[in-house]
2 protein chains.
Amino acid sequence: MAPITNGRLIFKEIPSGYPVPGKTTVYDKSSTIDLENAPLKGSILVKTLVLSVDPYLRGKMRAAERESYTPPFFIDEPLYNYGVGKVVRSENPAFHAGDHVYGMLDFAEYFIPKDITKLKVIVRPESTLPYSVYVGAAGMPGQTSYYGWKEYAKPKAGETIFVSTAAGPVGSLVVQLAKQDGLKVIASAGSDEKVKFCKEIGADVAFNYKTTNTAEVLAKEGPINIYWDNVGGPTLEAAIGNSALHGRIIICGFITQYNDEEPYGIKTMRNVLANRLSINGLLVFDHQERYLDEFYEVIPKKLASGEFKYTEDITRGLEKGGEAILEVQKGVNTAKKIIVVADD
Amino acid sequence: MAPITNGRLIFKEIPSGYPVPGKTTVYDKSSTIDLENAPLKGSILVKTLVLSVDPYLRGKMRAAERESYTPPFFIDEPLYNYGVGKVVRSENPAFHAGDHVYGMLDFAEYFIPKDITKLKVIVRPESTLPYSVYVGAAGMPGQTSYYGWKEYAKPKAGETIFVSTAAGPVGSLVVQLAKQDGLKVIASAGSDEKVKFCKEIGADVAFNYKTTNTAEVLAKEGPINIYWDNVGGPTLEAAIGNSALHGRIIICGFITQYNDEEPYGIKTMRNVLANRLSINGLLVFDHQERYLDEFYEVIPKKLASGEFKYTEDITRGLEKGGEAILEVQKGVNTAKKIIVVADD
């Protein structure tokens, strides 16, 4: 079989603010691949089906010498992130043609992973759950919620939690975990449609932070015992300021600050002392070993049965990947953003 | 015996910035007490020997309706704080004339406590340790250090800690606990004399924050694994910004901000996520139950033997109490500030 075009989304240039499609990232069709004969060298050939688009990708679009919690993308190489693919060919006994794999995938229609340990075969007894969910509520974002909840939330029935970006894949699972544990949930999101979804999944109070003042809502509905922070900035400031005695704050994202050059100054830190708050930064990778098996045991079943709800916002075609990334950075996506690269 | 004058330091007025002696606090000689006949109603009559002057007292000089972690002082009533007194008379079987008691004492030469449960008789097998130390390194400040170290520091030998106000009663014990556990200690203090004391108690790096840039020291000597914060403000900002992966920050005081109306905005909170920091507010009272007996078992011995060092800055006479309080707020005291009200 003759080589075919292998579309790829390339990291071209470090952005100074928002990542610009066609400039920061460029869709490239110059590469080809021979599906039957491309040498695998003990690896596998993967056909990419779905790719996750997450806020944290912005942090990887930086100069290689600047340290952060996640390695940077390489200029002129494809982006990569969590995804689900299908094995086309395999030279590794752990993988077979037709298997579905989850893990770090290149933003490419096809690719041969150098590090195969970052992929695992999806075992899917919950066969009604679409593969796309394995990069969302049943994937890294869902794991983030689950691990943080287990490790830092210390929830008690009757307490009050505030969740920012509560309609997103991380926040919406936190809302549902909190309701399951008997908490009052205050949820904020960036559109009326997202606010509606927050209420559908059980939030007691849900508001559009673009039209409603967060600090006022917290002053009225709080004080809060737990704050799940996905945004940083003034929202974090308001949450710290409205935290109750021995409140817990889980900092899981800083989306409002990823694209700002000048960081926002938090003026309410004195309440950390006054109310003896506990603030913890959360990164999913730190807690995989402890909770990953438990997560796969518990969460996909609840998602497949409908007990836990999720939503997706799908972009079709890798060539639209740059736009999908920008939408997530600007928060104009309507739900967990997925790029469907190819059908199963 | 005829009634004698009972000098008292009265809380007269809520200050807007620093507490002004003669205005915020007034030394009052209008009250008298009859030492032999004053009715005790089941309580005891205490002669005040020493009183502790602590930074947190500023927080009690506020409007009664403003909530905080410690109750406010009452206008026209004496201030109160930790101290050591001698029992003159007792109608309570747990106390005897001649006993030395530790606990919450009025800023008065003599007083009859309403709530006797806040006092305990000092058992002092380490008879070389002066009573004044029981309001310092062997009292509440020392307990603060010990509890925070046990509960939140999670020290590992070879790690680096930064301690602010490291020559103070809390900081200096933290420095010594850290050295005992094999850490590299960076210490900051507000005078060259204090810096010298930091070095004497083992700090590897000690600097005067008034003449040396804290952020520069931390960038050079860090990153830091633990930060013991007594000050808040730009120092806290620098410490968060220079914290290592999984760093621990213990917020134990906010002295730079107690007298400011406009709080400082901390711009480095993103590092809480990037390096998954853990920040905890520490108040000594939260941990009494768990660690108090252990503290008295461990620390006074080490102080009496000279293994752990301490310093004191003594003001003689309750009439100078207002000045002593102001010195501590301004940080011009040279060590743990004690008011000696009367000799034993």
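A quick note: this is a predicted structure, and the numbers were derived from the prediction, not measured.

Enquirer: Account for the interface of chain A and chain B, naming residues and giving values.
Expert: If you look at the interface, chain A gives 30 residues, while chain B gives 30 residues. Three residues, Arg270, Leu273 and Arg276 of chain A, lead the burial of chain A against chain B; their summed loss comes to 27% of the area buried on that side. Remark: the boundary between chain A and chain B carries 2 salt bridges. Ionic pairing is found between aspartate 286 of chain B and arginine 276 of chain A, a salt bridge with its closest N-O pair at 2.7 Å. Our count for the contact surface shared by chain A and chain B stands at 10 residue pairs in polar contact (both at pLDDT 80 or more). Counting only elements with at least two residues in the side of chain A that touches chain B, the list comes to α6 (233–241), β14 (243–251), α7 (255–258), α8 (270–274) and β15 (278–281) of chain A. In terms of residue class, the side of chain A that touches chain B is made up of 18 nonpolar, 7 polar and 5 charged. When β15 of chain A meets strand β15 (residues 278–281) of chain B, the two strands line up antiparallel, connected through 3 bridges.

Enquirer: Residues and numbers for the domain arrangement of chain A, please.
Expert: Residues and elements named next belong to chain A. Examined at the domain level, chain A breaks down into domain 1 (4–136 + 311–340) and domain 2 (140–285). The C-alpha centroid of domain 2 is placed 29 Å from the C-alpha centroid of domain 1. Counting residues at the interface gives 20 residues for domain 1, matched by 15 residues for domain 2. For the pair domain 1 and domain 2, the two sides together bury roughly 1500 Å², of which 55% comes from carbon and sulfur. Taken together, the connections running from domain 1 to domain 2 amount to 0 salt bridges. Remark: the boundary between domain 1 and domain 2 carries 4 residue pairs in polar contact (both at pLDDT 80 or more).

Enquirer: Which residues make up the packing of aromatic side chains, and what values go with them?
Expert: In the structure shown here, the tally under the stated rule is 22 aromatic pairs over all chains. Plain terms: the ring middles of phenylalanine 295 of chain A and tyrosine 296 of chain A are 5.4 Å apart, the flat faces sit at 70° to each other, and that makes the pair edge-to-face. According to the relative accessible area criterion, phenylalanine 295 of chain A is buried, its value standing at 0%. The aromatic ring of phenylalanine 308 of chain B is capped on one face by lysine 302 of chain B, whose charged end is 5.5 Å from the ring centroid.

Enquirer: Could you give an account of the pairing of strand β5 (residues 44–53) of chain A, with specific residues and numbers?
Expert: All names here are of chain A. Most of β5 is tucked away, with 9 of its 10 residues classed as buried. Pairing of β5 with strand β6 (residues 80–90) involves 7 bridges; the strand directions are antiparallel. Bridge assignment links leucine 51 to a residue of β6, and that residue is glycine 83. With 2 bridges connecting them, β5 and strand β8 (residues 110–111) associate as antiparallel partners. Across the sheet, residue valine 46 finds its bridge partner in β8, namely phenylalanine 111. Relative to strand β17 (residues 336–340), β5 runs antiparallel, the two being bridged by 4 bridges. In the sheet register, valine 50 faces β17, and the bridge partner there is valine 340.

Enquirer: Let's hear about the relation of the copies chain A and chain B: which residues, and what values?
Expert: By a simple turn and slide, chain A fits onto chain B: the slide is 0.0 Å along the axis, the RMSD is 0.0 Å, and the turn is 180°. Each copy turns onto its partner about a two-fold axis. Every residue of chain A has its C-alpha some distance from the rotation axis, and the shortest such distance is that of glycine 265 of chain A, at 1.9 Å. Of all interface residues in chain A, 100% are interface residues in chain B too; the two copies therefore contact each other through one and the same surface.

Thresholds applied
Chains are numbered independently. Their residues run from 1 in the order of the written sequence. Working convention: letters from A go to chains and numbers from 1 go to ligands, in the order in which they are written. Local features in this predicted model are restricted to residues whose pLDDT is 70 or higher, and side-chain atom pairs enter the listing and the counts only when it is 80 or higher, whereas totals over whole chains, interfaces and linings include all residues. Only hydrogens and water are set aside when side-chain values are computed; all heavy atoms of the structure are taken into account. In this description, contact between two residues means that some pair of their heavy atoms is separated by no more than 4.5 Å. Buried area is calculated as the accessible area (1.4 Å probe) missing from two parts once they are joined, with the contributions of both summed. What makes a salt bridge here is a side-chain nitrogen of Lys or Arg within 4 Å of a carboxyl oxygen of Asp or Glu, nothing more. Counted as a polar contact is a pair of N or O atoms within 3.5 Å, where, for protein atoms, one must be capable of donating a hydrogen and the other of accepting one, and residues adjacent in sequence contribute only when both atoms are in side chains. Helix numbers and strand numbers start at the N terminus; a helix is a DSSP run of H or I with at least 4 residues, a strand a run of E with at least 2. When residues are sorted by character, Ala, Val, Leu, Ile, Met, Phe, Trp, Tyr, Cys and Pro go into the nonpolar class, Asp, Glu, Lys and Arg into the charged class, and all the rest, Gly among them, into the polar class. One bridge is not enough; two strands pair if DSSP finds at least two bridges between them. For the purposes of this description, domain bounds are those given by an automatic or database domain assignment. Only Phe, Tyr and Trp rings take part, Trp by its six-membered ring, and two of them pair if their centres are within 6.5 Å. Stacked means planes under 30 degrees apart, edge-to-face means over 60, and tilted covers everything else. Relative accessibility under 20% of the residue-type maximum defines a buried residue, over 50% an exposed one, and the middle range a partly exposed one, all with a 1.4 Å probe and only protein chains included. Here, over-ring charges are defined by two tests on the NZ atom of lysine or the CZ atom of arginine: distance to the ring centre within 6 Å, and angle to the ring normal within 35 degrees. All copies are superposed by least squares; the fitting set is the C-alpha atoms of residues with a pLDDT of at least 70 in both.

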